[in-house]
Amino acid sequence: MGFGLGPIENSLRYPVVGVEPLDRRFTYKIGNAPIERLATGFGWVEGPVYFGDNGSLLFSDIPNNRIYRWLEADGHLGIFRSPSNYANGHTRDQRGRLVSCEHLRRVTRTELDGRITVLADRYEGKSLSSPNDVIVASDGAVWFTDPGYGIDSDYEGIKQEAELPRAVYRLDSTGSLQVVADDFVRPNGLALSPDESRLYVVDSGITDGGPSHIRVFDVVDGRLRNGAVFADDFAPGFTDGLRIDVHGNVWCSMGWADPAEDGVRCYSAEGALIGKIHLPETCANVCFGGRRKNRLFMAASTSIYAVCLNTTGI
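Notes on the structure follow. (Residues numbered from 1 in each chain as written. Predicted model: local features only at pLDDT ≥ 70, side-chain atom pairs only at ≥ 80, totals over all residues. Heavy atoms only, no water.)

### Considering the overall build of the protein
Tallying secondary structure elements over the protein gives zero helices and 28 strands in all. The C-alpha atoms of the protein give a radius of gyration of 18 Å, which matches the 20 Å a tight globule of 314 residues would have. Across its three principal axes, the protein shows a C-alpha extent of roughly 55 × 40 × 35 Å. A burial count over the protein gives 56% of its 314 residues as buried. In the protein, once contacts between residues fewer than 6 apart in sequence are set aside, the share between residues at least 24 apart is 47%. Entry remark: accessible area of the protein is about 12600 Å², with carbon and sulfur atoms responsible for 47%. Distance between charge centroids for the protein: 4 Å, based on 32 positive and 41 negative side chains. (Helix = DSSP H or I, 4+ residues; strand = E, 2+ residues; numbered from the N terminus. Rg over C-alpha atoms; globule rule 2.2 N^0.38 Å. Buried < 20%, exposed > 50% of the residue type's maximum accessible area, 1.4 Å probe, protein only. Contact = heavy atoms within 4.5 Å. Areas by Shrake-Rupley, 256 points an atom, 1.4 Å probe, with all protein chains shown as cover. Lys, Arg positive; Asp, Glu negative; His and termini not counted. Charge placed at Lys NZ, Arg CZ, Asp CG, Glu CD.)

### Considering the sheet that holds strand E17 (residues 177-181)
As summarised here, the arrangement of the four strands in space is E14-E15-E16-E17, forming an open sheet in which the pairing is antiparallel. In this open sheet, the two strands that pair with only one neighbour each are strand E14 (134-136) and E17. Taking the axes of each pair of neighbouring strands and ignoring which way they run, one obtains an average angle of 25° across the sheet. Two elements, strand E15 (residues 142-146) and strand E16 (residues 167-171), share five bridges in a ladder whose sense is antiparallel. When the bridges of E16 are listed, Asp146 appears paired with Ala167. (Pairing = 2+ DSSP bridges. Axes fitted to C-alpha atoms, helices over the stretch in contact; angles between N-to-C directions.)

### Comments concerning the sheet that holds strand E21 (residues 223-231)
Paired through their backbone hydrogen bonds, the strands of a sheet run either parallel or antiparallel. The strand order across the open sheet formed by four strands is E18-E19-E20-E21, and the pairing between neighbours is antiparallel. Two strands in the sheet have a free side with no partner beyond their single neighbour: strand E18 (187-192) and E21. Taken over all neighbouring pairs, the strand axes of this sheet differ in orientation by 25° on average, direction set aside. Pairing analysis gives six bridges linking strand E20 (residues 213-220) to E21, with the strands arranged antiparallel. Bridging from a neighbouring strand, Ile214 pairs with Ala231 of E21.

### Some points on the pattern of salt bridges
Tallying each qualifying case throughout the model produces 18 salt bridges. In this structure, the salt-bridge partner of Arg295 is Glu72, at a minimum N-O distance of 2.8 Å. Taken together, the positions of Arg295 in strand E27 (residues 295-300) and Glu72 in the loop between strand E6 (66-71) and strand E7 (77-81) put the pair 223 residues apart, joining distant regions of the chain. Connected through shared salt-bridge partners, Asp93, Arg97, Arg109 and Glu111 make up one network. (Salt bridge = Lys/Arg side-chain N within 4 Å of Asp/Glu carboxyl O.)

### Re the pairing of E6
Relative to E6, strand E5 (residues 56-61) runs antiparallel, the two sharing six bridges. Bridged to Leu58 within E6 is Arg69. In sequence, E5 turns back onto E6 through a hairpin of four residues, with Asn65 there showing a positive phi of about 60°. Counted between consecutive antiparallel strands, the loop separating E6 from E7 contains five residues, among which Gly75 sits at a positive phi close to 75°.

### Details of the environment of Asp53
Of note, Asp53 is situated in the loop between strand E4 (45-51) and E5. Between the alpha carbons of Asp53 and Arg186 there is a distance of 34 Å; along the sequence they are 133 residues apart. At 3.0 Å, the side chain of Asp53 and the side chain of Arg92 are in polar contact. (Polar contact = N/O pair within 3.5 Å; in protein donor to acceptor, adjacent residues only side chain to side chain.)

### Here we look at the state of the cysteines
Tallied over the entire structure, the rule returns zero disulfides. Here Cys266 stays free of any disulfide, with the sulfur of Cys252 as its closest cysteine sulfur at 8.5 Å. Exposure remark for Cys266: the relative accessible area of 0% places this residue in the buried category. (Disulfide = S-S within 2.5 Å.)

What follows is the structure in structure tokens.
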């Protein structure tokens, strides 16, 4: 396990070439901001989430059943939780509490005193499969996906049979859990637009012979309407996780096909591909953080990367 590794090869000379504008609308590259490898040596990293109140990044190493914490001040890396119930995606709620998807069939919240509260583990009396990614809206509703990857084998969880179809769920502030979309092959990463009027959801169903795209929905009274394909130029690879900046741009992971495409893509709010960040590994998920929320953290296969951008995340 390593940390404090510094800039990667495509960032050793300014201006940085690893951040690639494709359109004049991509004004987010900072020429002397290196792409850095912060930590490496993991099995498969996922679910980065930034804690600004203590300057730390939490992320999952799913097959090793751990959550790690990296400190921005000095690059210290330590174990936050082990075992983690094969945790995958994470976010924070309005009170700053950690909300996690665990492949051992539940969504949890870590209280400020360290206690763990189970938010959801069953729907209509049946067990969830392996919750994957999660966001919390301003009204306190928890939106999460359940594509079932954690029960496919004993590598990222425990091999089991699914009791429920793959779906997107919404848990409201009263504790009522509802399926809001059930027509995905593998619903994966998800994110809300800055005004929370739109929900973006990845379908990584190409792993099962299905689509490889991002869909977008209107959010109306906690329900999804007018679903449409937002971006669909990922095959034969696919995207996994995504986050949104203050301008409504969608920053999503990319990998599993051409190594030259490994990294992150940036799509405008209208769905145009306007920029790329190139990494030497397949990327799984991203989040914004740093003191000004202008640092993009990238969970990519065996390593955590970061780069400062001329934009801020929500």
